[in-house]
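Working through the structure, step by step
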Amino acid sequence: MIPKYRDLFNFQFTEKKYQEFKNDIASDFDYVPTFRIAETPFFISNELKAQMLEGCADIIKLIQQKDFKELTDKSLELNHKVPNEDEHTSFLAIDFGICEENGAVVPKLIEVQGFPSLNNYQINLYEKFKNHYPFLKDLTPFINDITPKKYLEILEDVICNNHPKENVILLEIEPEKQNTKIDFYYCRKDLGIPIVCVTEIIKKGKQLFYKNESGEEIRVKRIYNRVIFDELDLRTDLKLNFHFSDDLDLEWAGHPNWFFRISKFILPFLKGKYFIETTLLSDLKQIPEDLENYVLKPLFSFSGSGVIFHVKKEDIEAVVEKELYILQKKVNYIPIVQSPDGKVKAEVRVLCVWKKEDTAPTLLCNLVRLSRGEMIGVKFNKDKNWVGGTLGLFER
């Protein structure tokens, strides 16, 4: 998207350099991430950035509506409801597919989540890219061109909310087995908070505790929640000493209810040039004749599970809980990133945080996924190069 930097990067790129770049990441924790790290950043033009920010503003406007909770209460009726919900989400992740419409490049909203993403990994990925391609220091992954130090200060403020670090935990299901654990490691390194498995939590009355490395019981005052209920529901083998539905004396950095409120559930409410025609199956009056132009998606799945890309009439008719699925018009991702052997598609996730006292979220950073497959996602990109997770860089 920025020819000057694309040409410069491709000129300097070698497979040897790519391996050294990955080794640099692996060296921090003697751990190689299980997801594929893409060879290149995505160079985002000012024009595309402005379009994405305009789309983000429209989404935020909906979330700021006074009746937003009333509008999304049904999402909680269909799922788990956790007590002590705060006024607004702490995290917001907004995914735009880079598409073509009427011959022009345009970002289209694919998904929006009231849930944290790889906030710590992405900032460290930026440093790794600069180590191997020093000219990248002229660009920034930050929406408002802040410093990495300021970025971490904002992140710490949102996650810790002035609590002592030992009383704030990153909570996950068997964190050592998660694909995203590189982000947990960077979070612990950058912010100094412990990583705790849900099975290690001790409950006493309305309070939760965990054991530190010395075996002392430490009270949990705030949870940086990374638990996905989809996975928790499937893990009937896990023995928990508490329930998320318990009335607990603690705060949430990312209250679980926002995962459901801000999700595919709100896509049918969004209208405009950056949004895709989306219909809740329970509101579908007639099955379209041109189903080849649609995708069927469950509302609350994670990482693309349950998505039907080649939809048939029988697929729609077979859905029993129609209020839990959407039918979404397909968009035309445009191959836009020039690799050594052809062009690659891109999807940009804008990462936002929302401080407790603020009236609106702060747009901070981004995450990019590159794809040669039919969809963005691991199973569509097996054995391909110049695909996977990376970072978008903006001009200063």
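Since this is a predicted model, take the numbers as computed values, not measurements. Residue positions within a chain follow its written sequence, with the count starting from 1. Reporting of local features is limited, given that this is a predicted model, to residues whose pLDDT is at least 70; pairs of side-chain atoms are given and counted only at 80 or more, and all residues count toward the totals for whole chains, interfaces and linings. Side-chain metrics rest on all non-hydrogen atoms present in the structure, leaving aside hydrogens and water.

**What to know about the packing of aromatic side chains**
To keep things clear, this is the line we draw: Between rings of Phe, Tyr and Trp, where Trp is taken as its six-membered ring, a pair exists when centres lie within 6.5 Å; planes separated by under 30 degrees are stacked, by over 60 edge-to-face, and by other angles tilted. Secondary structure follows DSSP: runs of H or I at least 4 residues long count as helices, runs of E at least 2 residues long count as strands, and numbering of each begins at the N terminus. Working definition: with a 1.4 Å probe on protein chains only, accessible area under 20% of the residue-type maximum means buried, over 50% means exposed, and in between means partly exposed. We call a charge positioned over a ring when the NZ of a Lys or the CZ of an Arg lies within 6 Å of the ring centre and within 35 degrees of the ring normal.
Summed over the entire model, instances satisfying the criterion amount to 26 aromatic pairs. Between Phe-91 and Tyr-224, the ring centres sit 5.5 Å apart and the planes meet at 35 degrees, which makes this aromatic pair tilted. Here Tyr-224 lies in strand E10 (residues 222-225) and Phe-91 lies in strand E2 (residues 91-101), a separation of 133 residues in the sequence. Taken individually, Phe-91 and Tyr-224 each receive the classification buried, so the pair is uniform in this respect. An aromatic cluster of at least three residues, connected via ring pairs, comprises Tyr-5, Phe-9, Phe-13, Tyr-18, Phe-43, Tyr-133, Phe-135 and Trp-386. Across the ring face of Phe-209, the terminal group of Lys-204 is positioned such that the distance to the ring centre comes to 5.2 Å.

**Observations regarding the environment of Val-32**
Here Val-32 lies in the loop between helix H2 (15-27) and strand E1 (42-44). It is 28 Å that separates the C-alpha atoms of Val-32 and Asp-237, two residues lying 205 residues apart in sequence.

**Some words on the side chain of Ser-75**
Let me state the cut-off plainly: Two residues qualify as a contact provided that any one of their heavy atoms is within 4.5 Å of a heavy atom in the partner residue.
On the secondary structure map, Ser-75 appears in helix H4 (residues 68-77). In this view, Ser-75 contacts Phe-260, Arg-261, Phe-265 and Phe-300; residues no more than four positions away in its chain are not counted.

**Details of the pattern of salt bridges**
Any two side chains of opposite charge can pair, so long as their charged atoms come close to each other. Selection criterion: When a carboxyl oxygen of Asp or Glu is within 4 Å of a side-chain nitrogen of Lys or Arg, the pair counts as a salt bridge.
Tallied over the full model, the rule gives 30 salt bridges. Among the ionic pairs, Lys-128 bridges to Asp-28, the shortest N-O distance being 3.0 Å. In this pair, Lys-128 is assigned in helix H5 (residues 119-132) and Asp-28 in the loop between H2 and E1, connecting sequence segments 100 residues apart. What makes Lys-128 buried here is its relative accessible area of 8%. When the shortest N-O distance is used, the salt bridge between Arg-369 and Glu-347 registers 2.7 Å. With Arg-369 in strand E17 (residues 362-371) and Glu-347 in strand E16 (residues 342-353), this residue pair connects regions lying 22 residues apart in the sequence. Bridged by salt links that share partners, the residues Lys-69, Asp-73, Glu-85 and Arg-261 form one connected network.

**With respect to the sheet that holds strand E9 (residues 217-220)**
Threshold: Only strands joined by at least two bridges in the DSSP assignment are considered to pair. Fitting a line to C-alpha atoms yields each axis, with helices limited to the stretch in contact; the angle taken between N-to-C directions then spans 0 to 180 degrees.
The strand order across the open sheet built from 3 strands is E7-E8-E9, with neighbouring strands paired in antiparallel fashion. Lying at the two open borders of the sheet, with one neighbouring strand each, are strand E7 (202-204) and E9. Adjacent strand axes in the sheet meet at a mean angle of 40 degrees when their direction is disregarded. Relative to strand E8 (residues 207-211), E7 runs antiparallel, the two being bridged by 3 bridges. Bridging from a neighbouring strand, Lys-203 pairs with Leu-208 of E8.

**Some details on the sheet that holds strand E14 (residues 325-329)**
With antiparallel pairing, 3 strands are arranged side by side in an open sheet as E12-E14-E13. Each having just a single partner strand, strand E12 (278-280) and strand E13 (294-298) make up the two edges of the open sheet. The mean angle between the axes of side-by-side strands here comes to 25 degrees, regardless of whether they run parallel or antiparallel. Where E12 and E14 come together, 3 bridges link them in antiparallel fashion. Its bridge partner lying in E14, Leu-280 is registered against Ile-326.

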